[in-house]
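# Coordinates in review
Okay, here's what each chain looks like letter by letter:
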Amino acid sequence: MTKAGLLVSRSVALVSGGLMLMLSVVSAQAIEIQRVVSDQGIEAWLVEDYSVPIVAMEYSFQGGTTQDADDKLGATNLLSTMLDEGAGELDSQAFQLKLEELTMSLGFNAGRDRFYGSMRTLQVNLPEALEMLTLAVNEPRFDEAPLERMRAQVISGLKREEKRPQSIAGRKFSALLYPDSQYGRPSKGTVESVEKLQASDLKAQRDKLFARDGLKVGVVGAIDAETLKKALDQVFAKLPEKTQLTEVKNVLPLEGKSERVDFDTPQTTIQFALPGLKRDDPQYIPAFVMNHILGGGSFSSWLYQEVREKRGLAYSVGSYLVPLEHTALLMGSTSTRADNADEVLKVIEEQMVKMGEEGPTAEELEKAKAYLTGSYALNFDSSGAIARQLLGIQNAGLGIDYINKRNDLIDDVTLEAVREVARDLFAGQEPSIMVVGPQTAPKQ
Amino acid sequence: MLKASKLLKGLVLSTLLAFPTPLLAETPQKADSTAFADVKIGPDIATKTLDNGLQLVVIPDHRAPVVTHMAWYKVGSADEAPGKSGIAHFLEHLMFKGTSNAPEGEFSDIIAEVGGQENAFTSTDYTAYYQQVAKDHLPTMMKYEADRMGNLVLTDEQVLPEREVILEERAQRVGQNPGAKLAESFDQMMFVNHPYGTPIIGWEDEIKKLNREDAFAFYDKYYTPNNAVVVVAGDVTMDEVLPIAQETYGKLKRRAEPGERIRPQVQRIPGERVATLEDERVAQPSLQKGWLVPSTATAAKGEAEALDLLSYILGGGANSRFYQQLVVDSQKATSAGSWYNSDTLDTTQFKIYATPSEGVPLEEVEADALAIVADVAENGVSQAELERAKKSMLAAAIYAQDKQSTLARVFGTALTTGATVEEVQTWPARIAAVTNDQIKAAAQKYLTEEPLSGYLLPANYEEPEAKGDAQ
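Going along each chain's sequence as written, the residues are numbered from 1 onward. Ligands are numbered from 1 and chains lettered from A, in the order in which they are written. Local features are withheld for residues below a pLDDT of 70 in this predicted model, meaning they are given only at 70 or higher, and side-chain atom pairs are given and counted only at 80 or more; totals for whole chains, interfaces and linings count all residues.

### Overview of the overall build of chain A
The secondary structure listing takes helices from DSSP runs of H or I that are at least 4 residues long and strands from runs of E that are at least 2 residues long, numbered from the N terminus. Broken down by element type, chain A carries 15 helices and twelve strands. Expected size for 444 residues packed as a compact globule is a radius of gyration near 22 Å; at 23 Å, chain A falls within 12% of this value. Taken over 444 residues, chain A has a buried fraction of 56%. Here, residue contact means that the backbone-derived C-beta atoms of the two residues sit within 7 Å. Of the contacts formed within chain A by residues at least 6 apart in sequence, a portion of 83% connects residues at least 24 apart. Both definitions apply: the radius of gyration is a C-alpha atom measure, and the globule rule equals 2.2 Å times residues to the power 0.38. Exposure classes come from backbone-placed C-beta atoms, where a residue is buried if 20 or more other C-beta atoms lie within 10 Å of its own, exposed if 12 or fewer do, and partly exposed in between.

Here it is, written out as structure tokens:
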């Protein structure tokens, strides 16, 4: 149950942005990143900081839900729920009790391309916290009772999603965009597939993904490099050298497809998508700036202005880049009163066409750059946030000096580059569209 | 997957607090709850009241050259006149529409140009506006925020489309969400005679009638410096901020005297009260039970802290009584927990909730959950449970300190719901001092009355047969 009682004024987008560049990072305050390599050769990036006596660690392995076998959909996600449900000598209850006594937390998350983990602990409890993390990563038990509990929770969540327009839209849209790819499959699986998963499937999935070659680690807080080196070996050195990944083919999302699902709600949920750019595409940064102007995270974006401010058609509207390992999208979403849906779609498409044909003005570009470079420091507002950035930069292969270069990369974007990438992305392209909502007679 | 029920345990505390850095350096060898007891939160915090009555609070945090600037007003949806529900939140949206000095968009454009973040939020008891920017831009933020405290300008061309936005917002938050619909029914039933029963966003038909005049009437009555608290957290000190505040907020006239915040008081009325909502969009049945309980502002000494701990022990995470007994042991529920928000000006509610496992009757889970509550009321909790709960809540306070904007929010909330800076600062000592007897007494006093019930059901729901040994 969420905490009721707060209404936030302005919701820019329903879904948060893509992978990387939401993490624009600081240079001003010269965050000093140390590259730490353990005796066993495990690398981590560290920002040492003693102002708050906590340690935050974020790590990831290569391979996520796209690594589920076709007949084991949901295995990676279910795995992510089971790693703190008993490990080593500790059964589920003993493990959870110990976590609470140490006032630490462990988190696990199955992304599409990577498997993520996190740890937070008070500095005083670091040795014990590392023992707990080591157990979770190396010796999860997958006992029957907690497995059934987690399975029930996952299935319960899947059933709720079947009744939620945004979830329905997301799931159907993936299938529509990627009919023949792992990216088109439901990342948490289906009720039927999750019902069939066994402990042995989770163990196999863990063995497949948890390896040293795909491992990236970011650490922030009250810990020095020597202590971290030992910690890295303690937690990760026992893992096998290589992941055993299934090949995922590079794939383009289908264009010009549309589907509508009748669903009886007062609002219609709309999602739209076009092929986007992968993170290592040379045009990625210009595209990122372009998207900020079109529908990114500020109140001055074209979509926000045209859909919400000028016409009052929706509470939230936005667009975002979704760069993945083997595909990429430019996506957007909104929801509106059912009889406004056609008008909203028309307004959105007009803005995309305008972006492709005319692009932004020089002034809009300058404002976008000022925003994107100026907002830099704000994303560094906690140890956990910094650790996530250290990890994100590594996952995207951007290099340890990326933090210092990033604002220059934005500043160097020219109007021509933005117009060119906008043309490439929008001109002559027809977006795919997913609509979930009630049937209505069109207006007039 | 983040298991919210586990990870959120400490972090959804109604009061998130943080400890001063110097003391943290001396954090004891083992983080034991008694060791935190005499910690004073934010010893560097400074507060001043300007001549026009505006309270200024500065929370230094020098880790990054960034500031969080928040203007809080001691007014929320519970202060609205009858028939004008939603006006507090509507005005909050309209505060972005410009002033006699700065046309619509100018303030937001400036924030965007310097890469700042901004937003605003409305609660039952307070409304707040904030920006997060590099510290150099603080004077500009204070100038514009002070400007809209006194010089708002609105035209119908701005007001009417914004009203449509709010109707869309209501449709998105409530219309799309059966759980939110049930919450509206439940709150209305719970808060008899008190405005907490009215949704913050307002009733749809009343929103449709709100206009420019309503917004100004509300603005003129409540948006005055003597009804505001400005909180600045970040790389600054009171010495730096005070002169800027005097130059900006200090020039504003005291425009009104909102007076004491006395609302019609909630009534405890007899009889069984149940809200049931069946909806096609509900996948699984769930239940909630609720009781009226005091908030920090209305509680006797130590009572709100006891309720905070009680909520944690009953339903605050993977080791809580609900989770252990209902989800792990009997497996009658897939989720179960409790909820208590102590940050309100008037009497608030304590809720428990559960989702039964497939095939288990709601009735059965409900009886078991109530038995767990009754057991605590009769026998109290164990020393180990109490110690774990204290430790977790106090440690959550240390984690919270890691984020500058969190502290700003903690103090802003407290100061607009009847608490003082000092009361926030001594919260750890009060939590550490709670005894088992106090927990038991709180449970006995408040949770043994007949609770209100809420049921969220799938369409055409039929209660399954109670499980025998059919297999």
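Still more ground to cover, so stick around.
### Details of the interface of chain A and chain B
One frequently used descriptor of interface size is the decrease in accessible area upon assembly of the parts. Each partner contributes to the interface: chain A provides 71 residues, whereas chain B provides 75 residues. For the side of chain A that touches chain B, the elements supplying multiple residues, two or more each, are β1 (7-8), α1 (75-82), α2 (92-101), β5 (105-110), β6 (114-122), α4 (144-161), β11 (328-337) and α12 (362-374) of chain A. Each residue belonging to the side of chain A that touches chain B can be placed in one class, and the counts come to 27 nonpolar, 28 polar and 16 charged. By the convention adopted, Pro, Cys, Tyr, Trp, Phe, Met, Ile, Leu, Val and Ala count as nonpolar, Lys, Arg, Asp and Glu as charged, and the other residues, Gly among them, as polar.

### Notes on the environment of A:Gln389
All names here are of chain A. Looking at the element boundaries, Gln-389 is found in helix α13 (residues 383-395). Classification of Gln-389 by C-beta neighbours within 10 Å gives buried; the count is 27. Spatially, the C-alpha atoms of Gln-389 and Glu-162 are 33 Å apart, while their sequence positions differ by 227 residues.

### With respect to unusual backbone geometry
Note on backbone geometry: most residues besides glycine have negative phi, and most peptide bonds are trans. Even without glycine at this site, A:Thr103 takes up a positive phi of about 45°. With respect to the element layout, A:Thr103 can be found in the loop between α2 and β5.

### A word on the packing of α1(A) against helix α7 (residues 199-209) of chain A
Residue and element names in this part refer to chain A. For helices, the fitted line uses only the C-alpha atoms of the stretch in contact; every axis is such a line through C-alpha atoms, and the angle between N-to-C directions lies from 0 to 180 degrees. Where α1 contacts α7, the axes come no closer than 9 Å and their chain directions differ by 95°. By the criterion of interaxial angle, the relationship of α1 to α7 is roughly perpendicular. Residues Ala-75, Thr-76, Leu-78, Leu-79 and Met-82 of α1 lie in contact with α7, whose contacting residues are Asp-201, Leu-202, Gln-205 and Arg-206. By residue class, the composition of the contact of α1 with α7 is five nonpolar, two polar and two charged. Each angle receives one of four descriptions, namely roughly parallel if under 35 degrees, roughly antiparallel if over 145, roughly perpendicular if within 65 to 115, and oblique otherwise.

### Comments concerning α7(A)
All names here are of chain A. Turning to α7, its buried residues are Asp-201, Leu-202, Gln-205, Arg-206, Lys-208 and Leu-209. Buried residues of α7 fall within an arc of 160° about the axis and therefore sit on the same side. In the core, the buried residues of α7 are packed alongside β4 (54-62), α1 and β6. Each C-beta atom gives one direction from the helix axis, and the arc is the one those directions make.

### Details of the nonpolar core
Each nonpolar core comprises buried Ala, Val, Leu, Ile, Met, Phe, Trp, Tyr and Cys residues, the members being joined through C-beta atoms within 7 Å. Grouped together as the largest cluster of nonpolar side chains are 248 residues, with contacts concentrated most on A:Val219, A:Val289, B:Trp72, B:Val230, B:Val231, B:Leu309 and B:Phe411. With ten residues, helix α15 (residues 383-400) of chain B is the largest single contributor of residues to this core. If near-sequence neighbours (up to four positions away) are discounted, B:Val230 is found in contact with B:Leu54, B:Leu56, B:Ala71, B:Ala245 and B:Tyr249. Formed by twelve residues, the second largest nonpolar core is a distinct cluster that contains B:Ala78, B:Ala183, B:Met190 and B:Phe191.

### Description of the pairing of strand β3 (residues 66-73) of chain B
Residues and elements named next belong to chain B. Of all eight residues that make up β3, eight are buried, and the element is covered over most of its length. Residues Val-66, Thr-68, Met-70 and Trp-72 point to one face of β3 and Val-67, His-69, Ala-71 and Tyr-73 to the other, with burial holding for every one of them. A pair of strands counts as paired when DSSP detects no fewer than two bridges linking them. Where β3 lies against strand β6 (residues 228-234), seven bridges are found, and the strand directions are antiparallel. By the bridge assignment, His-69 is partnered in β6 with Val-232.

### Description of the domain arrangement of chain A
All names here are of chain A. Segmenting chain A into domains produces domain 1 (34-236) and domain 2 (258-437). Just the C-alpha atoms count here: the centres of domain 1 and domain 2 sit 29 Å apart. Contact residues are listed per partner, giving 29 residues for domain 1 and 24 residues for domain 2. Listing elements by their share of the side of domain 1 that touches domain 2, those giving two or more residues are β3 (43-48), β4, β6, α5 (165-177) and β7 (216-221). Per element, the largest residue contribution to the side of domain 1 that touches domain 2 is eight residues, and it comes from α5. Domain boundaries shown here were taken from an automatic or database domain assignment.

### Here we look at the packing of α12(A) against helix α14 (residues 402-411) of chain A
Helix-helix packing is described using two parameters, namely the angle between the two axes and the distance between the axes. Residues and elements named next belong to chain A. It is at 9 Å that the axes of α12 and α14 come closest, and there the two elements cross at 175°. Taken as axis vectors, α12 and α14 run roughly antiparallel relative to one another. Seen from α12, the contacting residues are Lys-369, Leu-372 and Thr-373; seen from α14, they are Asn-407, Ile-410 and Asp-411. Looking at the contact of α12 with α14 residue by residue, the classes come out as two nonpolar, two polar and two charged.

### Remarks on the sheet that holds strand β2 (residues 34-37) of chain A
Residue and element names in this part refer to chain A. The mixed open sheet is built from six strands, whose spatial order is β2-β3-β7-β4-β6-β5. With partners counted over all chains shown, the strands left at the sheet margins are β2 and β5, one partner each. This sheet shows a mean twist of 20° between the axes of neighbouring strands, independent of strand direction. Bridge analysis of β4 against β6 gives nine bridges, and the strand direction is antiparallel. Bridged to Glu-58 within β6 is Ser-118. Packed on one face of the sheet, α13 meets β3, β4, β6 and β7 and runs near 155° to β7.

### Observations regarding the sheet that holds strand β10 (residues 348-356) of chain B
Residue and element names in this part refer to chain B. Ordered by their spatial adjacency, five strands build an open sheet running β7-β11-β8-β10-β9, and the pairing between neighbours is mixed. Each edge of the open sheet is held by one strand with a lone partner, namely β7 (274-279) and β9 (333-340). On average, each strand axis in the sheet is inclined to that of its neighbour by 10°, with strand direction left out of account. Summarising the sheet, strand β8 (residues 286-293) and β10 pair through seven bridges and their orientation is antiparallel. Bridge pairing in β10 places Lys-289 opposite Ile-352. The sheet contacts of helix α14 (residues 362-379) involve β8, β9, β10 and β11 (452-458), and relative to β10 the element is tilted by about 135°.

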